[in-house]
Amino acid sequence: MNVSPQSQSVFNTLLDGRTVSSGKITTSALDIAGMRLLQTMIKNRDALESCRGDSRIETLLSMFNDQKADETESLSHVDTESENQDSRSIQHMDSDVEITSLPPKKYRLHQIECTSFRGLAPAGNKIEFDFAGISNLIYGPNGSGKSSLLGAVCWVLNGEFVPDGQTQNSQTKVFKKSKPGEGLVAIREWSPEITLPDSQITKQTVHDCLVQITLIDDDGKRLHLKRSFIGGLETSRDGTSWTSKQTLAELGINALDLELSLNAPVELSRLTVEQAQSVPDILAKLLGLSDVQRIGKLATDIGRNRTTRRNWLKDEIETTWEEIRTKLEASTAYFEDQEKVPAALTKTLSLQHPSTDELKVAGETLAKEHQAAESELATLVGVQSNVKTPSQGNLSDDLLKAISELQKNDSDIFPKFNAIQLDNALAATEEQTSSVILESIRKYFSDFLSTARARIKARYEWWQRENENSGRSSLLLHAAEYFLAEENSCPVCYEEIKDDKLRKELIELKKSDQELRENLESFFRSLKAELDKLVPASLRSVCSQSPAARLSADWQKLKKVTLPAALKPVYEKYDADVTAIISEITIAPVDSPIILPADCEERFQQTAEDFHSVVDAANESLRLLDWSSREYESILSRLNRSIKAENSQEGKSLYETLAAGREKADAIKPLKQTLAVLRTAYKDRDKLQKLLDELNQLSQLEKPLAQLKVLTKYSDNEINTTFSRISEQTMAYWKLLYPETGTGLEPHSLAIGKKKNERIQAYLANEHCIALEAFFANTGLQRAVALSLFFALLEEHPAGLGFVIMDDPMTSLDDDHREGWSSKILKEKMLKKQYIVSTHQLHYFANCQDDFSGNAVVELNSRPWPRAISFRPGSRIADASNKMLDDWRVVPNILRKYCEYALHTLETYSNKPFYDHSNLSATIARYKSTGEDNPLYSDLINEMSDILTDNGGFNFEMHGLMEKE
């Protein structure tokens, strides 16, 4: 962070434990915490100013603790017998921050070169202008380029271009040229500083501009500065070797210099003193106390943040304590018998604000009780307590879950086996039981098989005929379908049938079964569809697994998936019982139904294969369901006696073995719930401790912040003292510039607003009252006070830059007051400083040139078509005559510039361009050949051309050499 020497002095005084005073304002001596806080804020000012609210407080505390840690580490290297180790750790700020200590340089502005900047010339073309280190009065009509020329100087120095005193620019969109009625289509972003090209813009168009200026200080040393949009700021002493720079402070040009020479003239020449927001900041920079002021304001803002955060912390801490207490008290309700509430919980509840250590001890005690109870439960149900399982330590939960699972319905415990139970496979209706339905299906299935065999046999015989007659049978069958006996014509060729044998055959075939007309694949698909209605696929699926396989799968899933793994040793004791039951499930095999003729050919069998497999599945399903109707209940009964019976007479079932530990598991449950509450309370208490620590830290910051807040009052008082002098000088300039008192009111004073309103207020007065200038002064009077304030500020800072840029500063003044400002104030100021003043007021330009005697008076030409800015010759002939006596070598260059400017000016009034900056002789020749249709045409053209060509005998072709010499 850059700090002014004046602010450095204040900070170091405070870091020494001393006080600073301004009038009645005196700061308190900082203690170690205050010094530490000041160092933290100085080092991290920018970061802290960028934060807001809680984020700023959290950032400050982190930085404050880091600073303390650094000091502690530093102290570890100090003699342990030192009586004042803390003070040794606090160092002056100059060891940690960069001090802006270079003396300011009074540079004057000499040359400028611009390429593609703000339309000063067509894109890519370079223009040059020589300010010559003297004051310049530059006149030009609107659009002539004067504001852009002065703006280019500002842009090089501070990277900002503010057109016509408005808000600082940003990039804007440029759009594709469209026809009337069409919407705008954006091409790309474009910066207003960069001249728009006269060709089509694309995303690849070069987006850059370059401005270079030459400054010379009081010692005659040159400083070249250039800035491009892409490359940024660069500096050079010789104009050849360039170095990139982020700031000009190391070259003796500080922010205050730029503010007073560039920004303030723009602001105070276009706004009233009330509207000018930069003046309070300029005042702070004038005294070098802007850094002190910022630290004081930052301390004030952080103080408000601290108060808000502290209040929130207090509420949060109180709420968290209440939540912890409520949770602990509620955990006693887990125990039906309050006498069984663990002593560790009772002891914790007796504490008003238990610490994290006390909660930790209570949790560890309860955890041991819980673990002991779990071990007892493991022994009770036959599980070794040292068995490592995923749920070790939660056996009670696993046991209760297992018991709950075994209390479910058979369909949940043995879903696959339960699926072949007759009532599940064939749901009963109000009219028929499942057994009756099964018997009906068996009968229909048997009848279907009988008819299917006959149909298949008939279709097989016809299939054989088709194959034997090479398709004649199929053709006859097809023809018979459309044959009409009464017409006696062939359906294929439409000829009369004369063969009686063929006629009888067609009649017989027409009477034959429709199935014969289907192809073989369709025939068997039809049979399968009929069987699907009788024995649907859902019913046939019961044969996908045998009853034994189903029961085995259910048992494996029950052990490995449904029931907790921690109880595996218990389940495995019942493997033998279940395996025995499964092994006794036997179903006598049955032969596959015969549906194809005995001598059926292989090709026919292959076509019938899918249908045959469906018949086998239906037959097998009915066989399994028949077994289920007789044996299922017996198997399930034996299974339940072994697995889930509650009062078994044949030894303990799995359920009874587990249920023996239920009472113990139920007793463990509140222990576990209470342990979970204690763990949550421990986490809440740990979070609470962090809140308490933060609250304690915020309390420690209260006094240091209050001490540092006074820096704002200190700097304000110093500023007010200085402002009193500035105000007096402003009044003097104001009365000089605007002596009239037509309204009875005259300039009285200036004042700085209080608290949030830090803007300047101007006052008028008469014999009886004082009033705000903003409400009672005319526009000219308001402009006069703003300009007077600007010159008073400049006078307070005589060591700043040697030049001031003022772009059209007299806009709101009438002719008389403009001339008065120029002759009474500006003329005197130009004796000490270089002023670059532009104006579009022709009256002022004509009447005030004498005020710029010994300086430069420049008149810009208007630009009737796109071209570079140009200047009228002005007094260059007189300048050349004067130089003949003491510096004749520069005369050719002055005369050449005269010719260039004269031709530029003449071109302004031409109806077509003729100037070529690279060839002066060709330009004069084109001017001489001007035709009668040109407004420039006259009898004097030849004479003027000869004058421009001769120029006293100097050879323009040697211009470059002479200038170099």
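It should be noted that the structure appears before, not after, this text.
Residues numbered from 1 in each chain as written. Predicted model: local features only at pLDDT ≥ 70, side-chain atom pairs only at ≥ 80, totals over all residues. Heavy atoms only, no water.

Asker: Would you explain helix α23 (residues 575-583) in this entry?
Answerer: Each α-helix turn comprises 3.6 residues. Residues three or four places apart therefore point the same way. Here α23 has its buried residues at V578, I581 and I582. Along the long axis of α23, the arc covered by the buried residues comes to 100°, so they all point the same way. Seen from the open side of α23, the exposed residues pointing more than 90 degrees away from its buried face are A576 and S583. Against α21 (547-562) and α25 (609-643) lie the buried residues of α23. (Buried < 20%, exposed > 50% of the residue type's maximum accessible area, 1.4 Å probe, protein only. Helix = DSSP H or I, 4+ residues; strand = E, 2+ residues; numbered from the N terminus. Arc of directions from axis to C-beta. Contact = heavy atoms within 4.5 Å.)

Asker: Which parts of the structure should I look at to understand the packing of aromatic side chains?
Answerer: Each aromatic ring pair is described using two quantities: the centre-to-centre distance and the angle formed by the ring planes. Evaluation of the coordinates by the stated rule reveals 18 aromatic pairs. Measuring from ring centre to ring centre gives 4.8 Å for F417 and Y632, while their planes differ by 25°; the resulting arrangement is stacked. Placement of F417 in helix α14 (residues 415-418) and of Y632 in helix α25 is noted, with a sequence separation of 215 residues between them. Relative accessible area serves as the criterion here: at 0%, F417 is assigned to the buried category. With 6.3 Å between their ring centres and 65° between their planes, F448 and F611 make a pair best called edge-to-face. With F448 in helix α16 (residues 434-468) and F611 in helix α25, this residue pair connects regions lying 163 residues apart in the sequence. Accessibility assignment for this pair places F448 and F611 in one class, buried. An aromatic cluster of three or more residues is present, and its members are F448, Y460, W463, F523, F524, F604 and F611. The ring of W242 carries the charged tip of K226 above its face, separated from the ring centre by 4.4 Å. (Phe/Tyr/Trp six-rings, centres within 6.5 Å; stacked < 30°, edge-to-face > 60°. Lys NZ or Arg CZ within 6 Å of the ring centre and 35° of its normal.)

Asker: I'm lost on the sheet that holds strand β10 (residues 210-216) in this one. Help?
Answerer: The strands that make up a sheet pair up through hydrogen bonds in the backbone, lying either parallel or antiparallel. If you trace the 6 strands from one edge of the open sheet to the other, you get β6-β5-β10-β11-β12-β13, paired in antiparallel fashion. Where the open sheet ends on each side, the last strands, each with one partner, are β6 (126-130) and β13 (243-244). Of the strand pairs in this sheet, strand β5 (residues 108-115) and β6 are connected by 5 bridges, and their pairing is antiparallel. Among the inter-strand pairings, C114 is bridged to a residue of β6, identified as I127. (Pairing = 2+ DSSP bridges.)

Asker: Looking at this structure, I do not really get the sheet that holds strand β16 (residues 770-772). What am I missing?
Answerer: Here 3 strands make up an open sheet; going across it, the order is β14-β15-β16 and the pairing antiparallel. The open sheet has two edge strands with one neighbour each: β14 (746-752) and β16. Averaged over all pairs of adjacent strands, the angle between strand axes in this sheet comes to 35°, irrespective of strand direction. Bridge analysis of strand β15 (residues 760-765) against β16 gives 3 bridges, and the strand direction is antiparallel. (Axes fitted to C-alpha atoms, helices over the stretch in contact; angles between N-to-C directions.)

In short, shape yes, function no, at least from these values alone.
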